[in-house]
Amino acid sequence: MTRIDAWGFATGTPATAPDDRGRGPETAEPDHATHPTAGTQRTARAALTRILEPGDETAGRWLRERGPVALWHTLSDDTADPPAGATPAKIAGLRLRAGRARPTADLDAITALGGRFVCPGDDEWPGQLDDLGDARPVGLWVRGTGNLRLWALRSVAVVGARACTEYGAHLATTLGAGLADRGWTVVSGAAYGVDGAAHRGALAADGATVAVMASGVDYAYPRGHTELIDRIAEQGLVVAELPPGDHPTRSRFIQRNRVIAALTRGTVVVEAELRSGSLVTARRALALGRFTMGMPGPVTSGLSAGVHQLLRGEAAVVTDADEVIELVGSIGDLAPEQEGPTRIRDLLDPVASRVLEALPARGSTDTAHLAQEAGTPRDVTRSKLFELLSLGFVQRCGERWELVRRAETTDGSRRGGP
């Protein structure tokens, strides 16, 4: 059987492929006719985003095995049997969090922000996130009017150093604008440095951009990017696994990177040190089978050392939006070949080039000597000399020939003087 995958390509459907709601048959949530309603399941998932940490694969397995409603009830009831393999300390901590979960209030809060809570199985759910397995988000809180699933179909992550150089900021801004101008969504984390520059480039091109947060969608972090994040929410999308009002932590930044990697077709690292969260994103993208790319910088710059290390592995070198799209786009999305400027001398035929090369850098010579030096018959040499004369390469001095002193150079040197 043939179906269209999350990226819009036709694929065969294996026996364990996800069903039409983005889940495998063995993990699909129960039929609504005999089990909790979709509204109840949405409420349960909203509650679980307040209880579970992003990327917790153990909790993800519980969710897959029990379903959201049963898991929520298990974590909310101190007398319920804990999930298999759960340690007493872990269950105790999660039940403390469950006591503060107010999913209805959180759902009302996102509605007041003009947003929504998107769950697996919804039409707007990006199916490629299912590649994360048990680390898949419980759900996503979204601000903005765009359709997340459709925007993610043609998306590229642009990530890099927070303390980037002017060179890195310029590259990220140009790349973000170039991708947006060609109809691609720019995805990043709204951080200082490369992230912010990529978002601004996309916004300046009046294009689509998505900020994936390590906090709630209404909790601007960093604070200095409050205005930028609000603008992204107006023109693009702000997305988070955490419910409204929740704050970022170090581990949440790391887990946020897996969503950026899975959501997009490929990840471009602009600048990164050897120890960098951007490299975590790139390596996660590589593990998920996404395209991984890097933009090289000076070999003397520590902020490019991580990128260069990545490029020594399986990442591809890219220098502009066209080259990125050639990798992540459809057949025929080829980047134009990069060529240097064409010189008149490049257009000479091989014999004329040999005759020209035979002329001395200084002084003059006769036709017989040139024929001997060029290895061409004398009449052919004379004919080529007249061609070179008409093109302005040589001049005639009686029966002798010499180079015209030209300002044009081809290799940074001046043959024959100024």
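Sequence order as written defines residue numbering, which begins from 1 separately in each chain. Side-chain atom pairs in this predicted model are given and counted only at pLDDT of 80 or more, local residue features only at pLDDT of at least 70, and totals for whole chains, interfaces and linings cover all residues. Where side-chain values are given, they derive from all heavy atoms of the structure, hydrogens and water being excluded.

**Digging into the sheet that holds strand β13 (residues 394-397)**
Phase 1 of the analysis: Only when DSSP finds a minimum of two bridges between them are two strands counted as paired. Secondary structure elements follow DSSP: runs of H or I of four or more residues count as helices, runs of E of two or more count as strands, with numbering from the N terminus. Sheet architecture is open: three strands sit in the order β12-β14-β13, paired in antiparallel fashion. Among the strands making up the open sheet, the edge pair consists of β12 (365-366) and β13.
Phase 2 of the analysis: In this structure, β13 lies alongside strand β14 (residues 400-403), joined through four bridges in antiparallel fashion. Bridging from a neighbouring strand, Arg 396 pairs with Trp 401 of β14.
Phase 3 of the analysis: In the packing of helix α16 (residues 378-391) onto the sheet, the strands contacted are β13 and β14, and the crossing angle to β13 comes to about 115 degrees. In what follows, a contact means two residues having at least one pair of non-hydrogen atoms within 4.5 Å. Structural elements are reduced to axes, namely lines fitted to C-alpha atoms, with helices fitted over the stretch in contact, and the angle between N-to-C directions of any two is expressed from 0 to 180 degrees.

**Concerning the side chain of Arg 258**
Phase 1 of the analysis: Take Arg 258: it is sitting in helix α10 (residues 250-263).
Phase 2 of the analysis: Arg 258 has contacts with Pro 54, Gly 55, Leu 132, Ala 135, Arg 136, Pro 137, Glu 241 and Arg 284, leaving out every residue within four places of it along the chain.

**Remarks on the side chain of Thr 367**
Phase 1 of the analysis: With respect to the element layout, Thr 367 can be found in helix α15 (residues 367-374).
Phase 2 of the analysis: Setting aside its immediate chain neighbours within four residues, Thr 367 contacts Arg 378, Thr 381, Arg 382, Leu 385, Glu 399 and Trp 401.

**Structural notes on the pairing of β14**
Phase 1 of the analysis: Judged from the two bridges that link them, β12 and β14 form a sheet pairing that is antiparallel. The residue bridging Thr 365 from the neighbouring strand is Trp 401, located in β14.

**With respect to the pattern of salt bridges**
Oppositely charged side chains are able to pair whenever their charged atoms sit close together.
Phase 1 of the analysis: One side-chain nitrogen of Lys or Arg within 4 Å of one carboxyl oxygen of Asp or Glu is enough to make a salt bridge. By the definition in use, this model includes 18 salt bridges.
Phase 2 of the analysis: For Asp 349, the salt bridge goes to Lys 384, with nearest N and O atoms at 3.0 Å. Of the two residues, Asp 349 sits in the loop between α13 (321-328) and α14 (350-358) while Lys 384 sits in helix α16, which places them 35 residues apart along the sequence.
Phase 3 of the analysis: Three exposure classes are used, based on accessible area relative to the maximum for each residue type with a 1.4 Å probe and protein chains only: buried under 20%, partly exposed in between, and exposed over 50%. Given the relative accessible area of 29%, Asp 349 is considered partly exposed.
Phase 4 of the analysis: Using a relative accessible area of 14% as the deciding quantity, one classes Lys 384 as buried.
Phase 5 of the analysis: Via salt bridges that share partners, Arg 50, Glu 53, Arg 97, Asp 106, Asp 246 and Arg 252 belong to a single interconnected network.

**Side note on helix α9 (residues 226-235)**
Phase 1 of the analysis: Taken together, the buried positions of α9 are occupied by Leu 228, Ile 229, Ile 232 and Ala 233. Projected onto a plane normal to the axis of α9, the buried residues spread over an arc of 140 degrees and lie on a single side. Exposed and facing more than 90 degrees away from the buried side of α9 are Glu 227 and Glu 234.
Phase 2 of the analysis: The secondary structure elements touched by the buried residues of α9 are β4 (140-143), α8 (194-204), β7 (209-213) and β8 (237-240). Taking the helix axis as origin, the arc is that swept by the directions to the C-beta atoms.

**What about the sheet that holds strand β3 (residues 116-118)?**
Phase 1 of the analysis: Overall, mixed pairing links the nine strands, which are arranged β3-β4-β8-β7-β6-β5-β9-β10-β11 in an open sheet. Where the open sheet ends on each side, the last strands, each with one partner, are β3 and β11 (316-317).
Phase 2 of the analysis: By the bridge criterion, three bridges tie strand β6 (residues 185-188) to β7 in an arrangement that is parallel. Paired with Val 186 across the bridge in β7 is Thr 209.

**What to know about the packing of aromatic side chains**
Phase 1 of the analysis: Stacked, tilted and edge-to-face are the three classes assigned to paired rings of Phe, Tyr and Trp, where Trp is represented by its six-membered ring and a pair needs centres within 6.5 Å; plane angles under 30 degrees give stacked, over 60 edge-to-face, the rest tilted. The full count for this structure, using the stated rule, is three aromatic pairs.
Phase 2 of the analysis: Residues Phe 117 and Trp 141 carry aromatic rings whose centres are separated by 4.3 Å and whose planes lie at 35 degrees to one another, so their mutual orientation is tilted. One end of the pair, Phe 117, is in strand β3; the other, Trp 141, is in strand β4, with 24 residues separating them in the sequence.
Phase 3 of the analysis: Using a relative accessible area of 5% as the deciding quantity, one classes Phe 117 as buried.
Phase 4 of the analysis: Here Trp 141 falls in the buried class, since its relative accessible area comes to 0%.
Phase 5 of the analysis: Ring centres of Phe 386 and Trp 401 lie 5.4 Å apart, and the angle between their planes is 90 degrees; this geometry places the pair in the edge-to-face category. A residue pair is termed long-range when its members are at least 10 positions apart, and Phe 386 in helix α16 and Trp 401 in strand β14 qualify at 15 residues.
Phase 6 of the analysis: Assessed through its relative accessible area of 34%, Phe 386 is described here as partly exposed.
Phase 7 of the analysis: When its relative accessible area of 0% is taken as the criterion, Trp 401 is described as buried.

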